[in-house]
Amino acid sequence: MQRVIIENEAARQNALRNLRLLDTAPSESFDRITRLASRLLGAPVSTISLTDNDRQWFKSRFGVDLAEIPRGEAPCSYAIYADEVFVVRDMLADDRFKDSILANAGIRFYAGAPLITRTGYALGTLCVVDDKPRTVTDDERHLLVDLAAMVMTQIEVQNTIGRIHPTSGYPNEYQFFEDLEDLARRQPERQTVGLLIELASPQQITHGLRVLGAAYAEELIRSATEAIRRTLGDEIQIYHVGPTRCLVLLDQSAIVGIEALAERLDGSLRNTLLFCGVPVNLDPVMGVYVFALSAVENPRDIMRRLFNAADDARKTGRCLALYTEMGDRAHARSFRLINDMRDALTGSADFRLLYQPVVDFASGRCTGAEALLRWRHKTLGDVGPAEFIPLAEGTALIRPLTAWVLDTAMGQLAEWVKTGRFPKISINISMRNLEESDFAETLASVLDRHGVGAGMIQIEFTESVLVSYSARALDQLRVLKEMGVAIAIDDFGTGYSGLSYLQQLPATVLKIDQSFIKSLAVSEHDQKLVHGVIAMAHDLGYRVVAEGIENHEAYDMLAAWNCDEAQGYLIAPPLAPVMMDEWLESAKG
Ligand code: C2E
Ligand code: MG
Ligand code: MG
């Protein structure tokens, strides 16, 4: 057995602390060993004594009530550096111990075997004491050494549970954290390359689980770790750090050929998985982070950075992405926004709605307004909906967020109804909202609460997310339509669906995306397209709204093509309610 790096006391204490044994409850598996030690060596007291910074703490004690004693005076603090067994035949005859607490308490004899980890750190001792001076036989020495080894086996077994991923049998993230800290202590001067491999996209996993069942994930990780091992070789430790994520630490020199390595890994992963004989397509992405071990303050931070890099790779459609400070800042910002959104939604005035007028082409009269959400973050300032809505859509926050918008807009509408001049408010909702089985019901109760008729509101959602409609979303839309709510497809032209596809939906309004309107004056192609879309949409019975009208040329063309309604800066920008009142007043005159 390799012995301790004796001089490295900080590392020794760290190894002890990582085992999370100090100050834990007594356990029968350890008590059994101290009982046995006491009986076999014929000593009244036996303890498993761990050497902490300034104390000997007893994980198990037989025949004594004390929970700990000061480290300095304890024979254990000598025993941890002993080769085999440290023996004090008579404390009163030994200058080191004759005035110690133990000697004063009547203890005369001590024998302790060090408890040594596989990596060579002495954690403490298994020891016996007696109130009479005595010696130990060779047999008794061997017994004590064997029992100490049993204590270590027990500690290691306990420690392994929770460090190994049950599916793959590979060390998990906790082992990674510990190994990284260890490495950083031993070789702080080294640079290393972290490589995180995410085997498949979350959608692929969900799909796989649905079609192939739970065994799919197990099979996936088993064949993938095997493929990674074949590519990287046996010497590289693979950590299994998430359901479908593996992580390895490579030598600094690996960065030179990292792209080629990533391609090789990608190739071998893509060709690995057969499930019940059927090939399963994997779509792996990798994140890389090069860092100095001396800079490791928190190993979790290293893992987070690697996750973010892999995430960037997936978002940008690449096989590999390098961690960058800038990318990390963007992730950190998103994380912060998500965290702060809930608070901003409850109670504070950080969110508010603006209203952008929509006018009828034929009469020029205001037919309604679109409610547009604004967020003034306490420290980050104004954050646009294009940034925070997708974040909310990726979490459960989209539900309370839309609820807030509905409630606020309906409250405002009720005010405007009182003045008798405001016809309609259009609300943006997320496809995710339509997946809520009680969305229509909740909307009905908000309308009720504010005394507003369903005929006075319109909901709009973007076509681009409508790749597939779930039965539940379609149901909700039908109920909303029956209630009398107008349904509009927002940003029409940017998504995947054609007009015929849209016919599945109970929508009655199409809002042509502003990207087509912006270029109307200069692009003949867009003129033809928009003209065509308006004609077809009318044939199919839709009303057509053009958004993003910024100049008279576009306005006039759209009017000539019989577009129904107009929205854009040319008419008015999104306005606060007071400004809206003023605008309505001036528009009348
Ligand atoms: P959208 O629903 O298509 O809204 C129109 C966007 O175009 C608004 O941006 C509006 O301010 C802007 N706009 C209006 N007229 C013009 C113009 O003439 N020129 C230009 N360049 N832009 C114009 P905004 O408010 O930043 O909103 C962006 C998107 O965020 C919205 O696009 C909508 O999809 C989403 N959104 C806004 N508020 C909400 C909300 O309360 N809930 C949900 N789910 N989404 C919202
Ligand atoms: Mg909209
Ligand atoms: Mg739009």
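Calculation criteria
Residues numbered from 1 in each chain as written. Chains lettered and ligands numbered in written order. Predicted model: local features only at pLDDT ≥ 70, side-chain atom pairs only at ≥ 80, totals over all residues. Heavy atoms only, no water. Domains from an automatic or database assignment. Disulfide = S-S within 2.5 Å. Near = heavy atom within 4 Å. Polar contact = N/O pair within 3.5 Å; in protein donor to acceptor, adjacent residues only side chain to side chain. Areas by Shrake-Rupley, 256 points an atom, 1.4 Å probe, with all protein chains shown as cover. Helix = DSSP H or I, 4+ residues; strand = E, 2+ residues; numbered from the N terminus. Nonpolar A, V, L, I, M, F, W, Y, C, P; charged D, E, K, R; others polar. Core = buried A, V, L, I, M, F, W, Y, C linked by side-chain atoms within 4.5 Å. Buried < 20%, exposed > 50% of the residue type's maximum accessible area, 1.4 Å probe, protein only. Contact = heavy atoms within 4.5 Å. Pairing = 2+ DSSP bridges. Axes fitted to C-alpha atoms, helices over the stretch in contact; angles between N-to-C directions. Parallel < 35°, antiparallel > 145°, perpendicular 65-115°, else oblique. Donors = N, O, S within 2.8 Å, 3.2 Å for Na, K, Ca; no water.

**Some thoughts on the domain arrangement of the chain**
Okay, step 1: Domain assignment breaks the chain into domain 1 (9–160), domain 2 (173–323) and domain 3 (355–372 + 397–588).
Okay, step 2: Relative to domain 3, the C-alpha centre of domain 2 lies at a distance of 45 Å.

**Quick word on the state of the cysteines**
Okay, step 1: Applying the stated criterion to the full structure yields 0 disulfides.
Okay, step 2: Cysteine Cys76 remains unbridged, with the sulfur of Cys127 as its closest cysteine sulfur at 3.9 Å.

**Quick look at the site of ligand 1**
Okay, step 1: Residues in contact with ligand 1 amount to 23 residues; listed here are only the nearest, Arg374, Asp490, Gln514, Glu550 and Tyr569.
Okay, step 2: One of the side-chain N or O atoms of Glu370 is found 2.9 Å from an oxygen atom in ligand 1.
Okay, step 3: Here ligand 1 has 800 Å² of accessible area as a free molecule, and 85% of this is covered by the chains.
Okay, step 4: The set of elements that each furnish at least two residues to the shell around ligand 1 consists of β15 (366–377), α12 (385–393), β19 (486–492) and α18 (514–518).
Okay, step 5: In terms of residue count, the dominant contributor to the shell around ligand 1 is β15 (4 residues).
Okay, step 6: A class-by-class count of the residues in the shell around ligand 1 yields 9 nonpolar, 6 polar and 8 charged.

**Some details on the nonpolar core**
Okay, step 1: Residues Phe351 and Leu558 are the most contacted members of the largest nonpolar core, which totals 81 residues.
Okay, step 2: With 10 residues, helix α13 (residues 398–418) is the largest single contributor of residues to this core.
Okay, step 3: Once you skip the residues sitting within four places of it in the chain, Phe351 turns out to touch Met341, Ala344, Leu345, Leu373, Arg374, Trp375, Phe388, Leu401 and Trp404.
Okay, step 4: Grouped together as the second largest cluster of nonpolar side chains are 30 residues, Val193, Ile238, Leu261 and Leu320 included.

**Some details on helix α1 (residues 9–18)**
Since one α-helical turn is 3.6 residues long, residues separated by three or four positions face the same way.
Okay, step 1: Among the residues of α1, those classed as buried are Ala11, Arg12, Gln13, Ala15, Leu16 and Asn18.
Okay, step 2: Buried residues along α1 sit in contact with β1 (45–51), β6 (122–130), α5 (138–160) and α6 (173–186).
Okay, step 3: Just downstream of α1 lies Arg20, where phi reads positive at about 50°.

**Topic: the sheet that holds strand β12 (residues 285–292)**
Okay, step 1: Taken in spatial order, the 5 strands line up as β8-β9-β7-β12-β13 in an open sheet, and their pairing is mixed. Looking at the sheet topology across the chains shown, the edges are occupied by β8 (239–242) and β13 (320–322). In this sheet, adjacent strand axes meet at a mean angle of 30° when their direction is disregarded.
Okay, step 2: The pairing of β8 with strand β9 (residues 245–251) spans 3 bridges and is classified as antiparallel.

**Details of the packing of helix α10 (residues 299–315) against helix α11 (residues 325–345)**
Okay, step 1: Remark: α10 packs on α11, axes separated minimally by 10 Å, with the N-to-C direction vectors making an angle of 95°. Our classification of the angle between α10 and α11 gives roughly perpendicular. When α10 is examined against α11, the residues Arg304, Arg305, Asn308, Asp311, Asp312 and Lys315 are found in contact with a partner set consisting of Gly327, Asp328 and His331.
Okay, step 2: Its residues assigned to classes, the contact of α10 with α11 shows no nonpolar, 3 polar and 6 charged.

**So, the coordination of the magnesium ion (ligand 3)**
Okay, step 1: Within the first shell, the magnesium ion (ligand 3) binds the protein through Asp490 (OD), Asp491 (OD), Glu547 (OE) and Glu547 (OE), at distances of 1.9 to 2.8 Å.
Okay, step 2: Taken as a pair, the magnesium ion (ligand 3) and the magnesium ion (ligand 2) show a spacing of 4.1 Å, with Asp490 coordinating each metal. Placement of the pair is Asp491 in strand β19 and Glu547 in the loop between β21 (543–546) and α20 (552–560), with a sequence separation of 56 residues.
Okay, step 3: Under the relative-accessibility criterion, Asp491 is labelled partly exposed at 21%.
Okay, step 4: By relative accessible area, Glu547 is classed as buried at 5%.

**So, unusual backbone geometry**
As a rule of thumb, non-glycine residues mostly have phi less than zero, and peptide bonds are mostly trans rather than cis.
Okay, step 1: Look at Asp491: it is not a glycine, yet its phi comes out positive at around 50°.
Okay, step 2: The phi torsion at Asn562 lies on the positive side, around 65°, for a residue other than glycine.
Okay, step 3: Considering the arrangement of structural elements, one finds Asn562 in the loop between α20 and β22 (565–566).

**Looking at the pairing of β12**
Okay, step 1: Most of β12 is tucked away, with 6 of its 8 residues classed as buried.
Okay, step 2: Where strand β7 (residues 191–198) and β12 come together, 8 bridges link them in antiparallel fashion. Each residue of the ladder has a partner; that of Leu196, found in β12, is Gly287.
Okay, step 3: Pairing of β12 with β13, which is carried by 3 bridges, proceeds in the parallel orientation. In the strand pairing of β13, Gly287 is matched with Ala321.

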